[in-house]
Amino acid sequence: MQRFLKQKLCSWRLFLLWTLLYIFFMSDAAAQVHLKGEVGGNLTFHCPDVKSKSIDFFYFQKNNSFINGYHLSKDIPNEAWSNTRMDDKDRTTVHMFNLKASHEGDYECYIKYSDGLVQTVMKLSVTANYSKPQTTQECHDGLSCVVHCVSHGGYPRIRITWDVLDSHAWKLENNSEVQDPDTLMVNSSSSASFNCSSGKLRSIRCCVGDSTSDHITVCKPEDQTGKQLYMNMLITATCIVLLSTFAALIYSIYKHINREQGKGRKQEAKEEWAGELLCLTVKPEDT
């Protein structure tokens, strides 16, 4: 059984080889059709055929690798891509599902009629929208600012560009596009420096493909509200401490004075009592 299957597969591959040789030597220049798809999306396309003619076979391939198709009198080997399906009614219409960036490229449609074979090249372009660019900025002593712009998950590779009204107030620092080796998705980033000597720069944004960041303003004066509130609180606290210290000092002086006055009154009372006692103990002399 395995030997039979191997012979059958070899016969099919030999048939495809003869077909390609026939196309190379006998067919005219292949027509081209341009197709566009999005990553994660689906695509349906039709390989041009002559409706009045009977088709012996339809063969769909990429880079000399069989993808899908059918033959009028032969069985097609089970090598079709899992994300492709032939249309049940129109046998030269192909449905592709869950497109990936790796699906981009040139495909060939081979349609064999009884009187000849027609080749059509299908050029598929796959795109993925970049995320909305996000910006962050770092400013140094009010003299200059550096703005960073980042966008993720796009395809193909696209550089970030800057939209700045004053072309003399800024300078591009760097651009970077990092591609994931598995998904081929690209993360794009860029940094630009801005001269703040002329004050605020308004309506600055960065763009990648059809995605654009929000407008931002750089070289803005620092918000003084927080600092002023802090200074007011600091001054108030200092005043409270000084007043409390002054009140405590006054109170201490007052207590000291009262204590000294109390000692004086006690001394006077003692002296007065001693005088009275002396008067009582000393009798007057007889005359």
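Structure: see above.
Remember, it's a predicted structure, so these values are computed and weren't measured experimentally.

A. Structural detail: the sheet that holds strand β10 (residues 144-154). Across the sheet, which stays open at both edges, the four strands sit in the order β9-β10-β13-β12 with antiparallel pairing between neighbours. Lying at the two open borders of the sheet, with one neighbouring strand each, are β9 (134-140) and β12 (170-179). If you compare each strand with its neighbour and ignore which way they point, the axes differ by 15° on average. The pairing of β12 with strand β13 (residues 186-195) spans nine bridges and is classified as antiparallel. Bridging from a neighbouring strand, asparagine 174 pairs with serine 191 of β13.

B. Geometry of the packing of aromatic side chains. What the rule picks out here adds up to eight aromatic pairs. Geometrically, the ring pair formed by phenylalanine 60 and tyrosine 107 is stacked, given 5.4 Å between the ring centres and 10° between the ring planes. You can see phenylalanine 60 sitting in strand β3 (residues 55-62) and its partner tyrosine 107 sitting in strand β7 (residues 105-113), a full 47 residues away along the chain. Given the relative accessible area of 1%, tyrosine 107 is considered buried. Where tryptophan 170 meets phenylalanine 194, the ring centres are 6.2 Å apart and the plane angle is 25°; that geometry is what we call stacked. Taken together, the residues span a long stretch of sequence, with tryptophan 170 in strand β12 and phenylalanine 194 in strand β13 at a distance of 24 residues. Residue tryptophan 170 is classed as partly exposed on the basis of its relative accessible area of 24%. Judged by relative accessible area, which is 2%, phenylalanine 194 ranks as buried. An aromatic cluster of at least three residues, connected via ring pairs, comprises Phe45, Phe60, Trp81 and Tyr107. Just above the ring of tyrosine 113 sits the side chain of lysine 53; from NZ or CZ to the centre is 5.3 Å.

C. Quick peek at the state of the cysteines. Taken as a whole and assessed by the stated rule, the structure comprises four disulfides. Each sulfur of the disulfide joining cysteine 47 and cysteine 109 lies 1.9 Å from the other. One end of the pair, cysteine 47, is in the loop between β2 (43-46) and β3; the other, cysteine 109, is in strand β7, with 62 residues separating them in the sequence. Taking relative accessible area as the criterion, cysteine 47 reaches 0% and is therefore assigned buried. With relative accessibility at 1%, the residue cysteine 109 sits in the buried group. Disulfide pairing places cysteine 196 opposite cysteine 219 at an S-S distance of 2.0 Å. On the sign convention where negative is left-handed, the bridge of cysteine 196 and cysteine 219, at about -75° about the S-S bond, is left-handed. With cysteine 196 in the loop between β13 and β14 (201-208) and cysteine 219 in the loop between β16 (216-218) and α2 (225-281), this pair connects stretches of sequence that are 23 residues apart. According to the relative accessible area criterion, cysteine 196 is buried, its value standing at 8%. For cysteine 219, a relative accessible area of 9% puts it in the buried group.

Definitions and cut-offs
- Residues numbered from 1 in each chain as written.
- Predicted model: local features only at pLDDT ≥ 70, side-chain atom pairs only at ≥ 80, totals over all residues.
- Heavy atoms only, no water.
- Pairing = 2+ DSSP bridges.
- Helix = DSSP H or I, 4+ residues; strand = E, 2+ residues; numbered from the N terminus.
- Axes fitted to C-alpha atoms, helices over the stretch in contact; angles between N-to-C directions.
- Phe/Tyr/Trp six-rings, centres within 6.5 Å; stacked < 30°, edge-to-face > 60°.
- Buried < 20%, exposed > 50% of the residue type's maximum accessible area, 1.4 Å probe, protein only.
- Lys NZ or Arg CZ within 6 Å of the ring centre and 35° of its normal.
- Disulfide = S-S within 2.5 Å.

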